[in-house]
Amino acid sequence: MANFTMSGFLLMSFSGNPGIETLHASLFLVLYLVALTGNILIIMATSIDHNLHSPMYFFLKHLSVLDLCYISVTVPRSIYDSFMHSGNISLWECILQCFAFTSCCTSELAMLTVMSYDRYVAICFPLRYEIIMNVSTCVYGVLAVWISGVIAGVMHTTATFSIHFCGSKTIHQFFCDVPQLLKLSCSDDYINEVGVTAFLALAAFLCFIFIGFSYINIFSTVLRIPSAEGRAKAFSTCLPHLCVVTLFFSTAVFEFLKPYSDSPTGLDFFLTVLYTIVPPTLNPMIYSLRNKAMKAALRKVITESKVYLS
């Protein structure tokens, strides 16, 4: 690895204009506070309210924890850099950020896959739901999610930082984005990174296929329910998860299938914001928007918080 990387990299955010950087930091701060508040409320509600002590809300609680980690890996540092008009990041900070971001992203995908299995069992095998989705199954599912994220993070980070960097140390992004790091390679020695990326892409594709298979069976089962009220009730338990899955995959697809460009554009930054900030910010809103039990639990948490503070 070239010597200059020992002193780190330079993160170039949206503009060199101090006014634009302050505006960007203010916008990021608002979005971060919204995501922070929403996900913490979900965690509190699913922990305190006994009506939400079911596998679906158990997984939702862990999804909110993941969303907090996911957005906290990149956004607070970007806000600080923009307010301070500084983008220097050390090598080890960059390595840690790369590892944490990859781990959270992979874990989020794995969690959405586990949640789709939960909905599949609940709709297609309602009489066996409590037997199949018992405490052990839920705990092992969450453990598998976190372990898969750590493994993916180690693989991706090791492969990325095994390459040799040279030339400019400027990363044209607001965090240590792997595609931008690969552009700093001084030779075509990132074959290991390509291999790891291909493996993780295959794993993501298999997760997508599993989720698709689950919902094909869910829709097939729901459409056979004779009463309209029963169909509506069944769909209402799956709709939030389906919206979250669609949001996650659509933003990721837009980012990773965009045309390759040597010079960064406004579209590159916008698409990165789309898949790093939008999902963890909107997920709590999606899950609480049409869910009466969640709304009631959130009102209870907010009311108790007001009483405690007063």
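Data block above holds the structure.
If you're wondering where the values come from, they're calculated on a predicted model, not measured in any experiment. (Residues numbered from 1 in each chain as written. Predicted model: local features only at pLDDT ≥ 70, side-chain atom pairs only at ≥ 80, totals over all residues. Heavy atoms only, no water.)

Colleague: Residue-level account of the side chain of His 156, with values.
Modeller: Locating His 156 in the fold gives a position in helix α6 (residues 135-160). If we skip the residues at most four places from it in the chain, His 156 touches Thr 102, Val 178, Glu 193, Val 196, Thr 197 and Leu 200. (Helix = DSSP H or I, 4+ residues; strand = E, 2+ residues; numbered from the N terminus. Contact = heavy atoms within 4.5 Å.)

Colleague: Break down the sheet that holds strand β1 (residues 9-11) for me, citing the residues and quoting the values.
Modeller: Spatial ordering of the open sheet is given by β2-β1-β3, a layout of three strands whose pairing is mixed. Here the strands that pair on one side only, and so sit at the sheet edges, are β2 (88-89) and β3 (170-171). In this structure, β1 lies alongside β2, joined through two bridges in antiparallel fashion. By the bridge assignment for β2, Phe 9 is matched with Ile 89. (Pairing = 2+ DSSP bridges.)

Colleague: Explain α6 to me, and be specific about the residues and the numbers.
Modeller: For the α-helix, the turn length of 3.6 residues means that residues three or four positions removed from each other point alike. For α6, built from 26 residues, the straight-helix expectation of 38 Å at 1.5 Å per residue is met to within 8% by its first-to-last C-alpha distance of 38 Å. Considered for burial, the residues of α6 that qualify are Cys 138, Gly 141, Val 142, Val 145, Gly 149, Ala 152, Gly 153, His 156, Thr 157, Ala 159 and Thr 160. Buried-residue contacts for α6 involve α2 (55-72), α4 (91-124), α7 (178-182) and α8 (191-222). (Expected span 1.5 Å × (residues − 1). Buried < 20%, exposed > 50% of the residue type's maximum accessible area, 1.4 Å probe, protein only.)

Colleague: Pulling in residues and values, what's your account of the side chain of Ser 82?
Modeller: Position of Ser 82 among the secondary structure elements: in helix α3 (residues 75-84). Engagement of the side chain of Ser 82 in a polar contact is seen with the side chain of His 24, the distance being 2.8 Å. (Polar contact = N/O pair within 3.5 Å; in protein donor to acceptor, adjacent residues only side chain to side chain.)

Colleague: Any chance you could break down the nonpolar core for me, citing the residues and the numbers?
Modeller: Judged by nonpolar contacts, the single largest core of 40 residues is most densely connected at Leu 60, Leu 63, Met 111, Met 115, Ile 218 and Met 294. Only α1 (18-48), α2, α4, α6, α8, α9 (228-256) and α12 (292-309) provide two or more residues apiece to this core. The biggest single contributor to this core is α4, with ten residues. Not counting chain neighbours up to four residues away, the residues in contact with Met 115 comprise Phe 59, Leu 60, Leu 63, His 241 and Tyr 287. (Core = buried A, V, L, I, M, F, W, Y, C linked by side-chain atoms within 4.5 Å.)

Colleague: Describe the packing of α1 against α2, and please don't skip the residues or the numbers.
Modeller: The interhelical angle for the contact between α1 and α2, taken along N-to-C directions, is 155°, at an axis separation of 9 Å. The angle between the axes of α1 and α2 places the two elements in the roughly antiparallel class. At the point where α1 passes α2, the crossing takes the left-handed sense. Contacts between α1 and α2 pair Tyr 32, Ala 35, Leu 36, Asn 39, Ile 40, Ile 42, Ile 43, Thr 46 and Ser 47 from the former with Tyr 57, Leu 60, Lys 61, Ser 64, Val 65, Asp 67, Leu 68, Ile 71 and Ser 72 from the latter. Within the contact of α1 with α2, the residues separate by chemical class into eleven nonpolar, five polar and two charged. (Axes fitted to C-alpha atoms, helices over the stretch in contact; angles between N-to-C directions. Parallel < 35°, antiparallel > 145°, perpendicular 65-115°, else oblique. Left-handed = near helix turned anticlockwise from the far one by under 90°. Nonpolar A, V, L, I, M, F, W, Y, C, P; charged D, E, K, R; others polar.)

Colleague: If you had to explain the packing of α4 against α6 to someone new, which residues and values would you point to?
Modeller: Where α4 meets α6, the closest approach of the two axes is 7 Å, and the angle between their N-to-C directions is 145°. Regarding α4 and α6, the two cross each other, and that crossing is right-handed. Across the interface between the two elements, Ile 95, Cys 98, Phe 99, Thr 102, Ser 103, Thr 106, Ser 107, Ala 110, Met 111 and Val 114 of α4 pack against Gly 141, Val 142, Val 145, Trp 146, Ser 148, Gly 149, Val 150, Ala 152, Gly 153, Val 154, His 156 and Thr 157 of α6. Residues that form the contact of α4 with α6 fall into these classes: twelve nonpolar, ten polar and no charged.

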